[in-house]
Amino acid sequence: MNDSEFMDQAELLLKAVEASCDRINDQNLADIDNQRTGGMVTLVFSNRSQIVINLQKPLHEIWLAAKSGGYHYKFDSKQWTDTKGQGEFFSSLSRYASEQAGCPLVFNF
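Residues numbered from 1 in each chain as written. Predicted model: local features only at pLDDT ≥ 70, side-chain atom pairs only at ≥ 80, totals over all residues. Heavy atoms only, no water.

Draft legend 1. Quick peek at the pattern of salt bridges. If you walk through the whole model with that rule in mind, you get two salt bridges. Glu11 is paired through a salt bridge with Arg36; the nearest N and O atoms lie 2.6 Å apart. Here Glu11, found in helix H1 (residues 3-26), pairs with Arg36, found in strand S1 (residues 32-37); they are 25 residues apart in sequence, far enough to count as distant. Put simply, Arg36 and Glu18 hold a salt bridge, and the shortest N to O gap is 3.4 Å. Remark: Glu18 occurs in helix H1 and Arg36 occurs in strand S1; sequence separation between them is 18 residues. Shared partners join several salt bridges into a network, and the residues in it are Glu11, Glu18 and Arg36. (Salt bridge = Lys/Arg side-chain N within 4 Å of Asp/Glu carboxyl O. Helix = DSSP H or I, 4+ residues; strand = E, 2+ residues; numbered from the N terminus.)

Draft legend 2. Just helix H2 (residues 89-101), in detail. For H2, spanning 13 residues, the distance from its first C-alpha to its last is 18 Å, which sits close to the expected 18 Å at 1.5 Å a residue. Taken together, the buried positions of H2 are occupied by Phe89, Phe90, Ser92, Leu93, Ser94, Tyr96, Ala97, Ser98 and Gln100. Residues of H2 that are buried sit in contact with H1, strand S2 (40-45), strand S3 (50-56), strand S4 (61-66), strand S5 (69-75) and strand S6 (80-82). Its side-chain oxygen 3.0 Å from the backbone nitrogen of Phe90, Glu88 forms the N-cap of H2. Gly102 sits one or two residues past H2 and shows a positive phi near 80 degrees. (Expected span 1.5 Å × (residues − 1). Buried < 20%, exposed > 50% of the residue type's maximum accessible area, 1.4 Å probe, protein only. Contact = heavy atoms within 4.5 Å. Polar contact = N/O pair within 3.5 Å; in protein donor to acceptor, adjacent residues only side chain to side chain.)

Draft legend 3. Molecular detail of the sheet that holds S1. Pairing in this open sheet of six strands is antiparallel, and the strands run S1-S2-S3-S4-S5-S6 from one edge to the other. This sheet does not close on itself; its edge strands, each paired only once, are S1 and S6. Adjacent strand axes in the sheet meet at a mean angle of 20 degrees when their direction is disregarded. Of the strand pairs in this sheet, S2 and S3 are connected by five bridges, and their pairing is antiparallel. Bridge assignment links Val41 to a residue of S3, and that residue is Ile53. Contacts from H1 reach S1, S2, S3, S4, S5 and S6 within the one sheet, and its direction differs from that of S1 by about 155 degrees. Strands S2, S3, S4, S5 and S6 of the sheet are contacted by H2, whose axis makes an angle of about 155 degrees with S3. (Pairing = 2+ DSSP bridges. Axes fitted to C-alpha atoms, helices over the stretch in contact; angles between N-to-C directions.)

Structural data, given as structure tokens:
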């Protein structure tokens, strides 16, 4: 994967995260404030906990920081998967966000 391909795939992921937040807020499932600054999206929950998703361009990775820890994801030509074999990005984000929001939330592409 070259830099341009990484940026294209990473931008799609960040837009999908933002769209999922909009859907969750519209459906009144939770109150998530999502703020984007360049290649970083910060999700702030009503209890003030946060999840930060940011691009690591030199490594062609997406990093996710949640209360449960920090995670790195690489694109495998189909999806973003954890570099330590812990699963796919959106299912992981759904789990971490649900834990922090205190209710079941689904993020998807």
